[in-house]
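Observations on chain architecture
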Amino acid sequence: MKKIKIIKTVSVAAFTTTLLFASCTGNFDELNTHPTDVYPEDMTPTERVGTLFVSMTRLLNACQENNSQHTEQMVGQYGGYFATTAPWNGTNFGTFNPSADWVDVPYKDMFTEFYPNFQTIKESTGGTGYIYAWASILRVGVMLRVADIYGPIPYSEMGKGEFQVAYDDLKTLYHNMFDDLTRSINVLSAFVQENEGKEVPVAEYDIIYNGDFSKWIKYANSLKLRMAVRIASNTEDTEYAKQMMAEAINGGVIESNEDNAFFPSMPYNPFWIASDWGDLAINATLSAYMNGYNDPRISKYMNTSTSYREYRGVRMGIKDTSKSVEGSAARYSKPAVTEASPMPVFYAAETYFLKAEAALQGWIAGGAAAAKSYYEQGIQVSMNQHGVEIGDYLSSTVVPQGYTDRWNSQNNISFTDVPTVAWENGSNKLQKIITQKWIANYPLGIEAWCDYRRTGYPELFTARDNLSSVGYIGDIDSKRMVRRLPYPTTEKSSNSANVSAAIATMLGGPDTGATDLWWAKRTNF
(Lines give C-alpha, C1' and ligand atoms only; values in the text may rest on other atoms or scores of the structure.)
Protein backbone atom coordinates (compact mmCIF):
# COMPACT_ATOMS: atom_id res chain seq x y z
CA MET A 1 0.00 0.00 0.00
CA LYS A 2 1.23 3.53 -0.74
CA LYS A 3 1.75 5.41 2.52
CA ILE A 4 0.18 8.84 2.75
CA LYS A 5 2.37 11.11 4.85
CA ILE A 6 0.99 14.13 6.64
CA ILE A 7 3.95 16.24 7.75
CA LYS A 8 2.18 19.15 9.42
CA THR A 9 0.04 18.72 12.49
CA VAL A 10 -3.59 19.72 12.05
CA SER A 11 -3.79 23.33 13.20
CA VAL A 12 -6.31 24.75 15.65
CA ALA A 13 -7.80 26.81 12.84
CA ALA A 14 -8.54 23.63 10.88
CA PHE A 15 -9.84 21.75 13.92
CA THR A 16 -13.55 22.04 13.10
CA THR A 17 -13.05 20.92 9.51
CA THR A 18 -10.95 18.00 10.66
CA LEU A 19 -13.65 16.88 13.08
CA LEU A 20 -16.14 16.81 10.22
CA PHE A 21 -13.90 14.56 8.17
CA ALA A 22 -13.07 12.34 11.11
CA SER A 23 -16.59 11.90 12.46
CA CYS A 24 -17.68 9.55 9.66
CA THR A 25 -15.23 6.86 10.59
CA GLY A 26 -17.05 3.74 9.52
CA ASN A 27 -14.84 0.69 9.50
CA PHE A 28 -11.24 0.97 10.74
CA ASP A 29 -10.35 -2.24 8.91
CA GLU A 30 -10.98 -0.67 5.51
CA LEU A 31 -7.65 0.04 3.81
CA ASN A 32 -7.46 1.07 0.19
CA THR A 33 -4.73 2.42 -2.03
CA HIS A 34 -5.07 6.08 -2.96
CA PRO A 35 -3.27 8.49 -5.23
CA THR A 36 -0.64 10.70 -3.67
CA ASP A 37 -2.94 13.63 -2.87
CA VAL A 38 -3.67 13.96 0.82
CA TYR A 39 -7.03 15.67 1.00
CA PRO A 40 -9.13 14.12 3.80
CA GLU A 41 -12.06 13.35 1.50
CA ASP A 42 -9.75 11.11 -0.54
CA MET A 43 -8.67 9.04 2.46
CA THR A 44 -10.20 5.97 3.99
CA PRO A 45 -11.38 6.31 7.60
CA THR A 46 -8.27 4.50 8.76
CA GLU A 47 -6.04 6.91 6.89
CA ARG A 48 -7.86 9.95 8.26
CA VAL A 49 -7.15 8.82 11.78
CA GLY A 50 -3.85 7.07 11.15
CA THR A 51 -2.07 10.07 9.66
CA LEU A 52 -2.69 12.03 12.87
CA PHE A 53 -0.61 9.57 14.86
CA VAL A 54 2.56 10.50 13.00
CA SER A 55 2.28 14.14 14.08
CA MET A 56 1.31 13.24 17.64
CA THR A 57 4.14 10.75 18.05
CA ARG A 58 6.73 13.28 16.92
CA LEU A 59 5.79 15.49 19.88
CA LEU A 60 7.41 12.92 22.20
CA ASN A 61 10.74 14.39 21.07
CA ALA A 62 10.43 17.46 18.85
CA CYS A 63 11.65 16.52 15.38
CA GLN A 64 11.01 19.68 13.39
CA GLU A 65 14.20 21.74 13.62
CA ASN A 66 12.70 24.94 15.06
CA ASN A 67 10.54 23.08 17.57
CA SER A 68 13.53 20.99 18.65
CA GLN A 69 15.72 24.04 18.98
CA HIS A 70 13.29 25.81 21.29
CA THR A 71 12.39 22.83 23.49
CA GLU A 72 14.95 20.02 23.33
CA GLN A 73 17.97 22.29 22.88
CA MET A 74 17.26 25.65 24.52
CA VAL A 75 15.20 24.38 27.47
CA GLY A 76 16.69 20.89 27.31
CA GLN A 77 20.18 22.29 27.94
CA TYR A 78 19.12 22.57 31.59
CA GLY A 79 19.64 18.80 31.61
CA GLY A 80 23.37 19.27 31.03
CA TYR A 81 23.81 17.62 27.63
CA PHE A 82 23.96 20.64 25.33
CA ALA A 83 24.92 24.30 25.21
CA THR A 84 23.35 26.68 22.74
CA THR A 85 25.93 28.79 20.95
CA ALA A 86 24.08 31.53 19.05
CA PRO A 87 23.77 35.04 20.57
CA TRP A 88 20.06 35.59 19.79
CA ASN A 89 20.26 39.26 20.77
CA GLY A 90 21.51 38.40 24.24
CA THR A 91 18.28 36.74 25.42
CA ASN A 92 19.09 33.10 26.04
CA PHE A 93 17.82 30.23 28.14
CA GLY A 94 21.42 29.38 29.06
CA THR A 95 21.96 32.76 30.73
CA PHE A 96 18.50 32.52 32.34
CA ASN A 97 17.03 35.50 30.48
CA PRO A 98 14.93 34.10 27.64
CA SER A 99 12.37 36.35 26.02
CA ALA A 100 8.69 35.95 26.90
CA ASP A 101 7.77 34.69 23.45
CA TRP A 102 10.41 31.93 23.66
CA VAL A 103 9.01 30.82 27.01
CA ASP A 104 5.68 30.32 25.24
CA VAL A 105 7.03 28.01 22.54
CA PRO A 106 7.19 24.58 24.25
CA TYR A 107 3.57 24.96 25.36
CA LYS A 108 2.44 25.98 21.90
CA ASP A 109 4.46 23.31 20.12
CA MET A 110 3.23 20.48 22.33
CA PHE A 111 -0.01 21.28 24.14
CA THR A 112 -1.65 23.43 21.48
CA GLU A 113 -0.55 21.25 18.57
CA PHE A 114 -1.43 17.93 20.21
CA TYR A 115 -5.04 18.39 21.27
CA PRO A 116 -6.77 19.06 17.92
CA ASN A 117 -5.46 15.75 16.60
CA PHE A 118 -6.22 13.90 19.84
CA GLN A 119 -9.73 15.29 19.94
CA THR A 120 -10.28 14.20 16.35
CA ILE A 121 -9.35 10.65 17.30
CA LYS A 122 -11.51 10.75 20.41
CA GLU A 123 -14.52 11.88 18.37
CA SER A 124 -13.78 9.35 15.66
CA THR A 125 -13.52 6.39 18.01
CA GLY A 126 -16.09 7.45 20.57
CA GLY A 127 -13.33 7.35 23.15
CA THR A 128 -13.08 3.56 23.08
CA GLY A 129 -11.05 0.79 21.50
CA TYR A 130 -7.41 0.16 20.78
CA ILE A 131 -6.97 3.24 18.56
CA TYR A 132 -8.10 5.52 21.36
CA ALA A 133 -6.00 3.59 23.89
CA TRP A 134 -2.91 4.16 21.74
CA ALA A 135 -3.73 7.86 21.41
CA SER A 136 -4.22 8.10 25.18
CA ILE A 137 -0.71 6.72 25.80
CA LEU A 138 0.67 9.39 23.49
CA ARG A 139 -1.38 11.99 25.32
CA VAL A 140 0.24 11.06 28.62
CA GLY A 141 3.71 11.01 27.09
CA VAL A 142 3.33 14.46 25.57
CA MET A 143 1.40 16.14 28.39
CA LEU A 144 3.89 14.83 30.94
CA ARG A 145 6.56 16.79 29.08
CA VAL A 146 4.42 19.95 29.15
CA ALA A 147 3.71 19.58 32.87
CA ASP A 148 7.36 18.87 33.65
CA ILE A 149 8.27 22.17 32.01
CA TYR A 150 5.51 24.43 33.34
CA GLY A 151 3.73 22.72 36.25
CA PRO A 152 -0.06 22.33 36.59
CA ILE A 153 -1.82 22.28 33.21
CA PRO A 154 -5.34 21.61 31.92
CA TYR A 155 -5.93 17.87 31.57
CA SER A 156 -9.05 16.32 33.07
CA GLU A 157 -11.31 19.04 31.66
CA MET A 158 -9.85 18.98 28.17
CA GLY A 159 -12.04 17.75 25.34
CA LYS A 160 -15.37 19.00 26.66
CA GLY A 161 -15.82 21.67 24.03
CA GLU A 162 -14.55 24.56 26.14
CA PHE A 163 -11.71 26.87 25.23
CA GLN A 164 -11.17 28.25 28.72
CA VAL A 165 -10.24 25.13 30.66
CA ALA A 166 -9.48 24.65 34.35
CA TYR A 167 -6.09 23.30 35.42
CA ASP A 168 -5.24 20.14 37.36
CA ASP A 169 -2.80 20.42 40.26
CA LEU A 170 0.20 18.17 39.72
CA LYS A 171 -0.88 15.44 42.13
CA THR A 172 -4.30 15.23 40.47
CA LEU A 173 -2.71 15.43 37.03
CA TYR A 174 -0.32 12.58 37.70
CA HIS A 175 -3.10 10.42 39.13
CA ASN A 176 -5.27 11.10 36.07
CA MET A 177 -2.38 10.19 33.78
CA PHE A 178 -1.76 6.98 35.71
CA ASP A 179 -5.44 6.10 35.31
CA ASP A 180 -5.28 6.77 31.57
CA LEU A 181 -2.20 4.58 31.21
CA THR A 182 -3.80 1.76 33.18
CA ARG A 183 -6.97 1.85 31.06
CA SER A 184 -4.95 1.95 27.85
CA ILE A 185 -2.74 -0.93 28.94
CA ASN A 186 -5.81 -3.03 29.73
CA VAL A 187 -7.44 -2.26 26.37
CA LEU A 188 -4.28 -2.94 24.39
CA SER A 189 -3.57 -6.14 26.32
CA ALA A 190 -6.99 -7.48 25.38
CA PHE A 191 -6.51 -6.35 21.77
CA VAL A 192 -3.13 -8.05 21.47
CA GLN A 193 -4.49 -11.29 22.89
CA GLU A 194 -7.54 -11.30 20.63
CA ASN A 195 -5.67 -10.37 17.46
CA GLU A 196 -2.47 -12.40 17.73
CA GLY A 197 -1.04 -13.06 14.28
CA LYS A 198 -3.43 -10.67 12.53
CA GLU A 199 -2.44 -7.58 10.56
CA VAL A 200 -2.99 -4.31 12.40
CA PRO A 201 -4.73 -1.81 10.10
CA VAL A 202 -2.91 1.27 11.42
CA ALA A 203 0.54 -0.34 11.60
CA GLU A 204 1.99 1.83 8.84
CA TYR A 205 1.24 4.96 10.89
CA ASP A 206 3.09 3.65 13.93
CA ILE A 207 6.54 5.20 13.44
CA ILE A 208 7.97 3.65 16.63
CA TYR A 209 6.79 0.04 16.85
CA ASN A 210 5.18 -0.63 13.44
CA GLY A 211 1.90 -1.74 14.95
CA ASP A 212 3.36 -4.03 17.63
CA PHE A 213 1.06 -3.05 20.47
CA SER A 214 2.74 -5.45 22.87
CA LYS A 215 5.65 -3.01 22.77
CA TRP A 216 3.37 -0.03 23.29
CA ILE A 217 2.20 -1.78 26.45
CA LYS A 218 5.82 -1.99 27.61
CA TYR A 219 6.33 1.69 26.79
CA ALA A 220 3.19 2.64 28.74
CA ASN A 221 4.34 0.62 31.75
CA SER A 222 7.81 2.18 31.51
CA LEU A 223 6.26 5.64 31.44
CA LYS A 224 4.23 4.64 34.47
CA LEU A 225 7.42 3.57 36.27
CA ARG A 226 9.20 6.82 35.37
CA MET A 227 6.29 8.88 36.70
CA ALA A 228 5.97 6.82 39.88
CA VAL A 229 9.65 7.19 40.77
CA ARG A 230 9.39 10.92 40.09
CA ILE A 231 6.65 11.49 42.64
CA ALA A 232 7.65 8.89 45.25
CA SER A 233 9.88 11.23 47.26
CA ASN A 234 6.87 13.39 48.05
CA THR A 235 5.71 11.79 51.29
CA GLU A 236 2.05 12.57 50.67
CA ASP A 237 2.10 10.29 47.63
CA THR A 238 4.77 7.68 48.37
CA GLU A 239 2.40 4.77 49.00
CA TYR A 240 0.43 5.48 45.86
CA ALA A 241 3.68 5.75 43.88
CA LYS A 242 4.82 2.37 45.21
CA GLN A 243 1.55 0.83 44.01
CA MET A 244 2.10 2.31 40.54
CA MET A 245 5.68 0.98 40.44
CA ALA A 246 4.50 -2.51 41.27
CA GLU A 247 1.78 -2.38 38.60
CA ALA A 248 4.24 -1.13 36.00
CA ILE A 249 6.92 -3.72 36.71
CA ASN A 250 4.43 -6.58 36.95
CA GLY A 251 2.82 -5.44 33.70
CA GLY A 252 6.10 -5.57 31.79
CA VAL A 253 8.48 -2.68 31.12
CA ILE A 254 11.15 -1.97 28.50
CA GLU A 255 14.17 -4.06 29.57
CA SER A 256 15.73 -4.93 26.23
CA ASN A 257 17.33 -2.60 23.72
CA GLU A 258 15.18 -4.31 21.10
CA ASP A 259 12.20 -2.55 22.66
CA ASN A 260 13.78 0.92 22.83
CA ALA A 261 11.45 3.65 21.59
CA PHE A 262 12.85 5.62 18.62
CA PHE A 263 11.27 7.20 15.58
CA PRO A 264 12.80 8.38 12.29
CA SER A 265 13.96 11.96 11.88
CA MET A 266 11.92 13.95 9.38
CA PRO A 267 13.46 14.96 7.11
CA TYR A 268 16.71 15.55 9.03
CA ASN A 269 17.86 15.08 12.61
CA PRO A 270 17.34 18.49 14.30
CA PHE A 271 20.49 18.22 16.44
CA TRP A 272 22.49 17.70 13.26
CA ILE A 273 20.84 20.74 11.66
CA ALA A 274 21.42 22.99 14.70
CA SER A 275 25.05 21.90 14.88
CA ASP A 276 25.48 22.68 11.20
CA TRP A 277 23.97 26.12 11.81
CA GLY A 278 26.55 26.75 14.52
CA ASP A 279 23.79 26.99 17.14
CA LEU A 280 24.54 23.90 19.24
CA ALA A 281 27.46 22.20 20.99
CA ILE A 282 27.97 19.50 23.58
CA ASN A 283 27.74 20.82 27.14
CA ALA A 284 31.04 21.09 29.02
CA THR A 285 29.50 19.09 31.88
CA LEU A 286 28.94 16.02 29.72
CA SER A 287 32.39 16.09 28.16
CA ALA A 288 34.00 16.53 31.59
CA TYR A 289 32.20 13.51 33.05
CA MET A 290 32.84 11.26 30.08
CA ASN A 291 36.48 12.28 29.75
CA GLY A 292 36.95 11.87 33.49
CA TYR A 293 35.41 8.40 33.56
CA ASN A 294 37.15 7.40 30.31
CA ASP A 295 33.67 6.43 29.19
CA PRO A 296 33.74 4.17 26.11
CA ARG A 297 30.48 5.71 24.84
CA ILE A 298 32.02 9.15 24.34
CA SER A 299 32.61 8.79 20.60
CA LYS A 300 28.96 7.73 20.19
CA TYR A 301 27.77 10.87 21.95
CA MET A 302 30.06 13.60 20.60
CA ASN A 303 32.60 14.38 17.93
CA THR A 304 36.11 15.61 18.64
CA SER A 305 36.98 19.19 17.76
CA THR A 306 38.34 19.18 14.24
CA SER A 307 41.43 21.25 15.06
CA TYR A 308 42.58 19.54 18.25
CA ARG A 309 40.87 16.14 18.03
CA GLU A 310 39.69 16.31 21.61
CA TYR A 311 36.33 15.92 23.31
CA ARG A 312 35.58 19.34 24.74
CA GLY A 313 32.12 20.81 25.25
CA VAL A 314 31.01 24.41 25.79
CA ARG A 315 30.24 26.00 29.15
CA MET A 316 26.56 26.85 29.35
CA GLY A 317 25.45 30.44 29.80
CA ILE A 318 28.13 32.53 28.11
CA LYS A 319 26.55 35.96 27.61
CA ASP A 320 28.73 36.93 24.64
CA THR A 321 28.60 33.54 22.96
CA SER A 322 29.09 33.46 19.21
CA LYS A 323 28.79 31.00 16.37
CA SER A 324 32.35 31.68 15.28
CA VAL A 325 33.80 30.73 18.69
CA GLU A 326 31.58 28.46 20.82
CA GLY A 327 29.67 27.38 17.72
CA SER A 328 32.84 26.28 15.94
CA ALA A 329 33.33 22.57 15.30
CA ALA A 330 37.04 23.28 15.01
CA ARG A 331 37.18 24.27 18.68
CA TYR A 332 34.38 22.38 20.42
CA SER A 333 32.54 19.07 20.27
CA LYS A 334 29.25 18.66 18.46
CA PRO A 335 26.65 15.91 18.92
CA ALA A 336 27.72 12.74 17.10
CA VAL A 337 24.61 12.47 14.97
CA THR A 338 24.01 12.29 11.26
CA GLU A 339 21.18 13.78 9.28
CA ALA A 340 19.39 10.41 9.48
CA SER A 341 19.89 9.63 13.19
CA PRO A 342 16.57 8.63 14.78
CA MET A 343 14.90 10.51 17.62
CA PRO A 344 14.90 8.70 21.00
CA VAL A 345 11.93 8.48 23.35
CA PHE A 346 12.74 5.81 25.97
CA TYR A 347 15.74 3.54 26.56
CA ALA A 348 15.83 0.16 28.30
CA ALA A 349 18.76 1.40 30.39
CA GLU A 350 16.49 3.93 32.09
CA THR A 351 14.27 1.13 33.37
CA TYR A 352 17.17 -0.43 35.27
CA PHE A 353 18.17 2.88 36.85
CA LEU A 354 14.57 3.54 37.87
CA LYS A 355 14.50 0.12 39.51
CA ALA A 356 17.87 0.78 41.15
CA GLU A 357 16.60 3.98 42.74
CA ALA A 358 13.34 2.35 43.78
CA ALA A 359 15.14 -0.59 45.41
CA LEU A 360 17.62 1.71 47.17
CA GLN A 361 14.78 3.81 48.61
CA GLY A 362 12.73 0.80 49.65
CA TRP A 363 9.95 1.48 47.16
CA ILE A 364 10.37 -1.97 45.64
CA ALA A 365 11.89 -5.11 47.16
CA GLY A 366 15.56 -5.97 47.19
CA GLY A 367 17.33 -3.22 49.09
CA ALA A 368 20.94 -2.24 48.39
CA ALA A 369 21.85 -5.58 46.79
CA ALA A 370 19.10 -5.26 44.19
CA ALA A 371 19.97 -1.59 43.68
CA LYS A 372 23.57 -2.53 42.87
CA SER A 373 22.44 -5.21 40.42
CA TYR A 374 20.01 -2.90 38.63
CA TYR A 375 22.61 -0.11 38.58
CA GLU A 376 25.23 -2.28 36.92
CA GLN A 377 22.69 -3.77 34.50
CA GLY A 378 21.67 -0.26 33.48
CA ILE A 379 25.25 0.64 32.63
CA GLN A 380 25.80 -2.61 30.74
CA VAL A 381 22.56 -2.26 28.75
CA SER A 382 23.56 1.28 27.78
CA MET A 383 26.99 0.09 26.63
CA ASN A 384 25.32 -2.63 24.58
CA GLN A 385 22.92 -0.12 23.08
CA HIS A 386 25.82 1.91 21.74
CA GLY A 387 27.86 -1.10 20.69
CA VAL A 388 30.91 -0.51 22.89
CA GLU A 389 32.87 -2.76 25.22
CA ILE A 390 32.38 -2.02 28.90
CA GLY A 391 35.91 -3.02 29.92
CA ASP A 392 36.65 -2.24 33.59
CA TYR A 393 34.16 0.64 33.73
CA LEU A 394 32.09 -0.88 36.55
CA SER A 395 35.11 -1.12 38.86
CA SER A 396 36.49 2.34 38.09
CA THR A 397 37.36 4.52 41.09
CA VAL A 398 38.37 7.53 39.00
CA VAL A 399 36.78 10.85 39.94
CA PRO A 400 36.27 13.42 37.14
CA GLN A 401 37.93 16.69 38.13
CA GLY A 402 36.37 19.41 36.00
CA TYR A 403 36.65 21.35 32.78
CA THR A 404 39.38 23.40 31.16
CA ASP A 405 38.71 25.58 28.13
CA ARG A 406 41.90 26.03 26.11
CA TRP A 407 40.35 29.10 24.44
CA ASN A 408 39.00 31.03 27.43
CA SER A 409 40.01 30.50 31.06
CA GLN A 410 36.85 32.29 32.24
CA ASN A 411 35.03 29.09 31.38
CA ASN A 412 37.19 26.83 33.54
CA ILE A 413 35.35 25.15 36.39
CA SER A 414 35.91 22.25 38.80
CA PHE A 415 33.56 19.64 40.19
CA THR A 416 32.97 19.74 43.95
CA ASP A 417 31.40 16.34 44.68
CA VAL A 418 31.37 13.72 41.94
CA PRO A 419 31.04 9.96 42.57
CA THR A 420 33.11 7.15 41.17
CA VAL A 421 31.47 4.50 39.00
CA ALA A 422 32.30 1.54 41.28
CA TRP A 423 29.29 0.79 43.47
CA GLU A 424 31.32 -0.21 46.51
CA ASN A 425 33.45 2.96 46.42
CA GLY A 426 31.64 5.81 48.17
CA SER A 427 28.52 6.07 50.29
CA ASN A 428 26.15 8.19 48.20
CA LYS A 429 24.52 5.48 46.13
CA LEU A 430 21.67 7.67 44.89
CA GLN A 431 24.18 10.09 43.40
CA LYS A 432 25.86 7.19 41.57
CA ILE A 433 22.55 5.94 40.20
CA ILE A 434 21.36 9.32 38.93
CA THR A 435 24.76 10.24 37.50
CA GLN A 436 25.00 7.03 35.48
CA LYS A 437 21.34 7.27 34.53
CA TRP A 438 22.04 10.79 33.26
CA ILE A 439 24.90 9.58 31.07
CA ALA A 440 22.83 6.68 29.73
CA ASN A 441 19.78 8.85 28.96
CA TYR A 442 21.60 11.21 26.60
CA PRO A 443 20.24 13.20 24.74
CA LEU A 444 16.88 13.33 26.60
CA GLY A 445 17.48 16.74 28.16
CA ILE A 446 14.02 17.40 29.59
CA GLU A 447 14.11 14.10 31.48
CA ALA A 448 17.63 14.86 32.75
CA TRP A 449 16.44 18.27 33.94
CA CYS A 450 13.61 16.55 35.83
CA ASP A 451 16.06 14.29 37.66
CA TYR A 452 18.30 17.24 38.54
CA ARG A 453 15.39 19.21 39.96
CA ARG A 454 14.09 16.37 42.09
CA THR A 455 17.40 14.87 43.32
CA GLY A 456 20.10 17.53 42.86
CA TYR A 457 22.09 15.06 40.73
CA PRO A 458 24.22 14.86 38.74
CA GLU A 459 26.39 17.81 39.68
CA LEU A 460 26.13 20.21 36.74
CA PHE A 461 28.40 23.12 35.94
CA THR A 462 26.68 26.42 36.64
CA ALA A 463 26.04 28.95 33.90
CA ARG A 464 29.04 31.22 33.49
CA ASP A 465 26.86 34.33 33.30
CA ASN A 466 23.59 34.53 35.22
CA LEU A 467 21.52 37.34 33.68
CA SER A 468 18.25 36.41 35.34
CA SER A 469 18.05 39.60 37.42
CA VAL A 470 17.16 41.51 34.26
CA GLY A 471 15.26 38.68 32.61
CA TYR A 472 11.64 37.73 32.11
CA ILE A 473 11.58 34.55 34.22
CA GLY A 474 12.75 36.09 37.53
CA ASP A 475 15.85 35.72 39.68
CA ILE A 476 17.44 32.28 39.33
CA ASP A 477 19.90 30.72 41.76
CA SER A 478 22.85 29.55 39.66
CA LYS A 479 23.22 26.28 41.55
CA ARG A 480 19.54 25.34 41.70
CA MET A 481 19.06 26.50 38.11
CA VAL A 482 15.70 27.13 36.46
CA ARG A 483 13.00 25.09 38.21
CA ARG A 484 10.21 25.61 35.66
CA LEU A 485 9.13 28.01 32.95
CA PRO A 486 6.49 30.66 33.66
CA TYR A 487 3.11 30.14 32.05
CA PRO A 488 2.83 31.35 28.45
CA THR A 489 1.63 34.89 27.87
CA THR A 490 -0.78 33.53 25.28
CA GLU A 491 -2.39 31.27 27.87
CA LYS A 492 -2.60 34.15 30.33
CA SER A 493 -4.50 36.23 27.80
CA SER A 494 -6.83 33.52 26.50
CA ASN A 495 -7.43 31.52 29.70
CA SER A 496 -6.62 34.16 32.30
CA ALA A 497 -9.01 33.17 35.10
CA ASN A 498 -7.88 29.55 35.13
CA VAL A 499 -4.19 30.44 34.90
CA SER A 500 -4.60 32.85 37.81
CA ALA A 501 -6.36 30.16 39.85
CA ALA A 502 -3.59 27.67 39.11
CA ILE A 503 -0.92 30.13 40.21
CA ALA A 504 -2.80 31.06 43.36
CA THR A 505 -3.86 27.59 44.52
CA MET A 506 -1.74 24.95 42.77
CA LEU A 507 1.73 26.21 41.93
CA GLY A 508 3.00 26.74 45.47
CA GLY A 509 4.85 29.93 44.64
CA PRO A 510 5.03 32.82 42.20
CA ASP A 511 4.86 32.28 38.46
CA THR A 512 8.62 32.49 37.97
CA GLY A 513 11.44 30.19 36.99
CA ALA A 514 12.50 29.84 40.64
CA THR A 515 9.37 28.07 41.91
CA ASP A 516 9.72 24.35 42.60
CA LEU A 517 7.21 21.95 41.14
CA TRP A 518 5.26 19.70 43.51
CA TRP A 519 7.54 16.70 42.93
CA ALA A 520 10.78 18.73 42.90
CA LYS A 521 10.81 20.55 46.23
CA ARG A 522 14.41 20.29 47.46
CA THR A 523 15.92 21.32 50.77
CA ASN A 524 19.49 20.08 50.29
CA PHE A 525 20.55 22.57 47.61
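This text goes with the structure placed above it.
This one's a predicted model, so the numbers in the text were calculated from it and none came from an experiment.

**Here we look at the nonpolar core**
Within the largest apolar cluster, 160 residues are counted, with the highest numbers of intra-cluster contacts made by Trp216, Tyr219 and Met245. In terms of residues, this core owes the most to one element, helix α5 (residues 129-150), which gives 16 residues. Each residue touching Trp216, except ones within four places of it in the same chain, is listed here: Trp134, Ile137, Leu138, Leu188, Asp206, Ile208 and Tyr209.

**Here's the deal with the side chain of Thr120**
Note on placement: Thr120 falls in helix α4 (residues 100-125). One polar contact links the side chain of Thr120 to the main-chain carbonyl oxygen of Pro116, over a distance of 2.8 Å.

**With respect to the packing of helix α3 (residues 65-75) against helix α9 (residues 270-277)**
The geometry of α3 relative to α9 is characterised by a closest axis approach of 9 Å and an angle of 90 degrees between their N-to-C directions. By the criterion of interaxial angle, the relationship of α3 to α9 is roughly perpendicular. For the pair α3 and α9, the contacting residues are Glu65, Asn66, Ser68, Gln69, Glu72 and Gln73 in the first and Pro270, Phe271, Ile273, Ala274 and Trp277 in the second. Here the residues of the contact of α3 with α9 sort into 5 nonpolar, 4 polar and 2 charged.

**Things to note about the environment of Met245**
When you line up the elements, Met245 lands in helix α8 (residues 238-251). Ignoring sequence-local partners within four residues, the contact set of Met245 consists of Leu225, Ala228, Val229, Ala232, Ala358, Trp363 and Ile364.

**Observations regarding the packing of α5 against helix α7 (residues 213-232)**
It is the contact of α5 with α7, at a shortest axis distance of 11 Å, that shows an interaxial angle of 30 degrees. If you check the angle between α5 and α7, you find them roughly parallel. In this structure, α5 meets α7 at a crossing whose hand is left-handed. Contacts from Tyr130, Trp134, Ile137, Leu138, Val140, Gly141, Leu144 and Asp148 in α5 reach Phe213, Trp216, Tyr219, Ala220, Leu223, Met227 and Arg230 in α7. For the contact of α5 with α7, the per-class residue count stands at 12 nonpolar, 1 polar and 2 charged.

Rules used throughout
Residues numbered from 1 in each chain as written. Predicted model: local features only at pLDDT ≥ 70, side-chain atom pairs only at ≥ 80, totals over all residues. Heavy atoms only, no water. Core = buried A, V, L, I, M, F, W, Y, C linked by side-chain atoms within 4.5 Å. Buried < 20%, exposed > 50% of the residue type's maximum accessible area, 1.4 Å probe, protein only. Helix = DSSP H or I, 4+ residues; strand = E, 2+ residues; numbered from the N terminus. Contact = heavy atoms within 4.5 Å. Polar contact = N/O pair within 3.5 Å; in protein donor to acceptor, adjacent residues only side chain to side chain. Axes fitted to C-alpha atoms, helices over the stretch in contact; angles between N-to-C directions. Parallel < 35°, antiparallel > 145°, perpendicular 65-115°, else oblique. Nonpolar A, V, L, I, M, F, W, Y, C, P; charged D, E, K, R; others polar. Left-handed = near helix turned anticlockwise from the far one by under 90°.

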